[in-house]
Amino acid sequence: MKKFVLFFAVLFGVSFFMACGGSSSPGDKAVKINQKLADGDMDYVMDNLYVGKEDMTDEEKEKVKGLLQMGKAEVDSQGGIKSIEVVEEKIDEDGKKAKVTLKMVMGNGEEDTDDVSLINDDGCWKLSLGN
């Protein structure tokens, strides 16, 4: 689990109701993105990554999707995700950045906590790559 959490933190380290899938808080969004990753919905995860105002090239997108697939494989090897809980949610005073502490329990009983960074991108919380 630690490997997956470290992978996730390094990779992402990554609201309008309709545009943002109904997630009203950074904690809700962090949980939903983790669930979608575990379910293999890479399009949803990719749509909810913040990489800055410039779009990723197709080559960069493919690299990120490959890393996401590795993360999903790690989750699968641990029996999937049994539960995800928001332990703490801190939103900066300006409302543009947030740090969410998640506790994940895997299907094999392993559990861990990790911090996930998010950016408010035009009202939509997205996982932050490298921030």
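## Quick word on the pairing of strand β3 (residues 97-106)
Right, on to step 1. Within β3, seven of the ten residues are buried, which leaves the element mostly enclosed by the surrounding structure.
Right, on to step 2. Relative to β3, strand β2 (residues 81-91) is paired through nine bridges, and the arrangement is antiparallel. For isoleucine 81, the partnering residue across the bridge sits in β3 and is methionine 106.
Right, on to step 3. Hairpin connection, β2 to β3: the antiparallel pair is bridged by five residues, and glycine 95 has positive phi, about 75 degrees.
Right, on to step 4. Two elements, β3 and strand β4 (residues 111-121), share nine bridges in a ladder whose sense is antiparallel. Of the residues in β4, the one forming a bridge with methionine 104 is aspartate 112.
Right, on to step 5. What sits between β3 and β4 in their antiparallel hairpin is a turn of four residues, with glycine 109 showing a positive phi close to 95 degrees.

## Observations regarding the confidence of the model for the chain
Right, on to step 1. Within the chain, residue pLDDT values average 85, and 80% of them lie at 70 or more.
Right, on to step 2. Ignoring residues within four places in sequence, the model shows residues 9-19, a span with pLDDT below 50, making 42 contacts including any to other chains.

## Comments concerning the sheet that holds β2
Right, on to step 1. Strands sit in the order β1-β5-β4-β3-β2 across an open sheet of five strands; the sheet is mixed. In the strand order of this sheet, the two ends are held by β1 (49-50) and β2, each with one partner.
Right, on to step 2. On the sheet, helix α2 (residues 26-39) packs against β2, β3, β4 and β5 (124-128) and is oriented at approximately 150 degrees with respect to β2.

## A few points about the pattern of salt bridges
Right, on to step 1. All told, the structure shown has seven salt bridges when counted by the stated rule.
Right, on to step 2. Here lysine 90 and glutamate 88 are joined by a salt bridge, their closest N and O atoms 3.9 Å apart.
Right, on to step 3. Measuring nitrogen to oxygen at the nearest pair gives 3.4 Å for the salt bridge that ties lysine 103 to glutamate 111.
Right, on to step 4. For lysine 103, a relative accessible area of 27% puts it in the partly exposed group.
Right, on to step 5. Taking the relative accessible area as the measure of exposure, glutamate 111 reaches 48% and is therefore partly exposed.

## Brief notes about the nonpolar core
Right, on to step 1. The biggest cluster of nonpolar side chains holds 24 residues, and the ones touching the most others in it are Leu68, Leu102 and Leu118.
Right, on to step 2. Going through the elements one at a time, α2, α3 (42-47), α4 (58-77), β3, β4 and β5 are the ones with two or more residues in this core.
Right, on to step 3. Apart from residues lying up to four places away in sequence, leucine 118 is in contact with Pro26, Lys29, Ala30, Lys96, Lys97, Ala98, Val100, Trp125, Lys126, Leu127 and Ser128.

## Some points on the packing of aromatic side chains
Right, on to step 1. Scanning the model with the defined rule gives zero aromatic pairs in all.
Right, on to step 2. Across the ring face of tyrosine 44, the terminal group of lysine 36 is positioned such that the distance to the ring centre comes to 5.5 Å.

## Topic: the pairing of β5
Right, on to step 1. In terms of residue burial, β5 counts as a mostly covered element, since five of its five residues are buried.
Right, on to step 2. As paired elements, β4 and β5 share four bridges and run antiparallel to each other. Looking at β5, one finds that asparagine 120 is bridged to tryptophan 125.
Right, on to step 3. Hairpin connection, β4 to β5: the antiparallel pair is bridged by two residues, and aspartate 122 has positive phi, about 55 degrees.

Basis of the calculations
- Residues numbered from 1 in each chain as written.
- Predicted model: local features only at pLDDT ≥ 70, side-chain atom pairs only at ≥ 80, totals over all residues.
- Heavy atoms only, no water.
- Buried < 20%, exposed > 50% of the residue type's maximum accessible area, 1.4 Å probe, protein only.
- Helix = DSSP H or I, 4+ residues; strand = E, 2+ residues; numbered from the N terminus.
- Pairing = 2+ DSSP bridges.
- pLDDT = per-residue confidence, 0-100.
- Contact = heavy atoms within 4.5 Å.
- Axes fitted to C-alpha atoms, helices over the stretch in contact; angles between N-to-C directions.
- Salt bridge = Lys/Arg side-chain N within 4 Å of Asp/Glu carboxyl O.
- Core = buried A, V, L, I, M, F, W, Y, C linked by side-chain atoms within 4.5 Å.
- Phe/Tyr/Trp six-rings, centres within 6.5 Å; stacked < 30°, edge-to-face > 60°.
- Lys NZ or Arg CZ within 6 Å of the ring centre and 35° of its normal.

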